[in-house]
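Here is how the chains run, residue by residue.
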Amino acid sequence: MSLLLYKKKLDLPSLYNLLRFVSFEKIYAKSKPCSPTNSPRKDPTPDRYAGGDASSPRKCECTVRDNSKTTTGDRGKTGAGVTGSRTGRVCPGHKDPGGLPAGASNPGLLRHIHNAARYRLPQCFEGACVSVKQGASNNWVLGHTLSFSSVSPGGYKLLLSYVDKNKPVGLPYFIMEAAPGGQISCEMRVGPTQGTRATVVTQIGDGEFYSFESIFDAYFNSFTASVIAVNREFIALHYLQAVTEQLSLGAEIVARGYGAELSSASGAGRWANDDHSISATLGNRGLDLCYARALKPFLTVAAMLEVGFSIRRAVATLAYEWHTDDWTVRGSADSDGLVGATLQRTLGGKRAQLACAISALLNHPNDKFRLGFGVTAAII
């Protein structure tokens, strides 16, 4: 719940969508039997993308957040579970451990524990968006985004990033997103040592800093640990231990600077093999259960249940992901009456790689329908 409150202040996905265009990975996952992309066995890559609290690098640029209740893909309504588990949608297809110890992939970070299931949720958006990214030989990438929406703020945004492409892990890197109104979001990440990563995210508006987040992750041979601090609101401590090849156990403690009743402690566990992944977190704030299964090389289904003890609310969600070499379809339906789906399609081009996305979201209780369309071009 702590991260959910902070998320309203800082929208990370728009920042990290830029990073993937340094090498411009396609938005689809190749259909290979038992591949990490199709299998829920492993957690996503060892946190190469914004500490795991950013969206998937495979997602289209045109995602536009709708802060109303007519959204899907952003779970965490009950406040149950591990901090960051609902927004961490890191691409699970990465095989490069980035020079990290074995603990980078097993057990991985605690905030990634539910990603095998939550990665299947569609990231619905509304309106239209056109994005163009152009890389340079000096490790800089410049981007332009123009969006139109009747729900979320639209307009023009300038994107700028720096990543050292000559290094295996691409560190350090810097990302900035700026709007004409003076709003600026920045993110910087460094690797002090081979087994540590430090990330700082800040947002500036009206000439002052109004949000600041720092993340420090440490990777060891059989466990990982993290410290997350957000403004002066809270600090979270994470620990995840690999007990066996299939079983991992961990814990989280969240302490708030005010409102002691909002502090929390929870335990977490995950069992996974090549075809199944079962993860759970249980604490004084609530219960979170996730299950994912790869039915075929191109089809994965997932089920999620969140129960908030303090707010006496439960949300159940069913989701799936169906993909081929050229397109990816994700869909979900939950007990709140939200039904959403996205279609992502790659397009041809010799000097420019293109991708398009279509999103649809139906809110049954409010009888509202949202439609989105976006096009992304990376000039190489």
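Each value, and the rule that gives it
- Residues numbered from 1 in each chain as written.
- Predicted model: local features only at pLDDT ≥ 70, side-chain atom pairs only at ≥ 80, totals over all residues.
- Heavy atoms only, no water.
- Helix = DSSP H or I, 4+ residues; strand = E, 2+ residues; numbered from the N terminus.
- Buried < 20%, exposed > 50% of the residue type's maximum accessible area, 1.4 Å probe, protein only.
- Contact = heavy atoms within 4.5 Å.
- Areas by Shrake-Rupley, 256 points an atom, 1.4 Å probe, with all protein chains shown as cover.
- Phe/Tyr/Trp six-rings, centres within 6.5 Å; stacked < 30°, edge-to-face > 60°.
- Lys NZ or Arg CZ within 6 Å of the ring centre and 35° of its normal.
- Salt bridge = Lys/Arg side-chain N within 4 Å of Asp/Glu carboxyl O.
- Core = buried A, V, L, I, M, F, W, Y, C linked by side-chain atoms within 4.5 Å.
- Patch = residues over 30% accessible without salt bridge, like charges linked within 9 Å, V, L, I, M, F, W, Y side chains within 5 Å.
- Pairing = 2+ DSSP bridges.

A. Seen up close, the overall build of the protein. From N to C terminus, the protein includes 3 helices and 19 strands. Evaluated residue by residue, the protein yields a buried proportion of 53% over its 380 residues. When contacts within the protein are restricted to residue pairs at least 6 apart in sequence, long-range pairs at least 24 apart make up 54% of them. When the accessible surface of the protein is totalled, it reaches about 15,700 Å², and 62% of it is carbon and sulfur.

B. Region of the structure containing the packing of aromatic side chains. For the coordinates displayed, the defined rule picks out 4 aromatic pairs. Members of the aromatic cluster, each reached through a chain of ring pairs, are Phe 220, Phe 223 and Tyr 239. One residue, Arg 330, lies across the ring of Tyr 119, its end atom 4.7 Å from the ring centre.

C. Representation of unusual backbone geometry. The backbone of Asn 231 sits at a positive phi, close to 50°, despite the residue not being glycine. Relative to the elements of secondary structure, Asn 231 occurs in the loop between β8 (223-230) and β9 (234-242). Of note, the phi angle at Arg 312 is positive, near 55°, even though the residue is not glycine.

D. Layout of the pattern of salt bridges. Taken as a whole and judged by the stated rule, the model has 7 salt bridges. A salt bridge links Glu 321 to Arg 330, with the shortest nitrogen-to-oxygen separation between them at 2.8 Å. Assigned by exposure class, Glu 321 and Arg 330 land together as buried. Taken together, the shared-partner salt bridges in this structure form one network comprising Arg 118, Asp 288 and Glu 306.

E. Local environment of the nonpolar core. Ala 116, Ala 117, Leu 121, Cys 290, Ala 292, Ala 302, Met 304 and Ala 319 form the largest nonpolar core, which has 8 residues in total. Contributing elements (two or more residues each) for this core: α3 (115-118), β13 (286-296) and β14 (299-308). Leaving out residues up to four positions away in the same chain, Met 304 has contacts with Ala 117, Arg 118, Leu 121, Leu 289, Cys 290, Val 315, Ala 316, Thr 317 and Ala 319. Membership of the second largest hydrophobic core comes to 6 residues, among which are Ile 215, Ile 228, Phe 234 and Ala 236.

F. Spatial organisation of a nonpolar patch on the surface. Taken together, the side chains of Phe 216, Val 227, Ile 235, Leu 237 and Ile 253 present a nonpolar region at the surface, about 400 Å² in accessible area. Positionally, Ile 253 belongs in strand β10 (residues 247-256).

G. How the structure looks around the environment of Cys 290. Mapping Cys 290 onto the fold places it in strand β13. Separated by 16 residues in the primary sequence, Cys 290 and Glu 306 place their C-alpha atoms 8.7 Å from one another. Once residues lying within four places of it in the same chain are set aside, the contact partners of Cys 290 are His 114, Ala 117, Arg 118, Ser 277, Ile 278, Ser 279, Ala 303 and Met 304.

H. Quick look at the pairing of strand β6 (residues 196-205). Counting buried residues along β6, 8 of its 10 residues qualify, which places the element largely inside the surrounding structure. Sheet analysis places strand β5 (residues 184-190) next to β6, joined by 7 bridges and oriented antiparallel. Bridge assignment links Cys 186 to a residue of β6, and that residue is Thr 202. Linking β5 back to β6 in an antiparallel pair, the connection comprises 5 residues. Here β6 runs beside strand β7 (residues 208-219); their pairing, made up of 10 bridges, is antiparallel. Residue Val 201 lies in a different strand from β7, and its bridge partner there is Glu 213. Adjacent in sequence and paired antiparallel, β6 and β7 are bridged by 2 residues, among which Asp 206 carries a positive phi angle near 55°.

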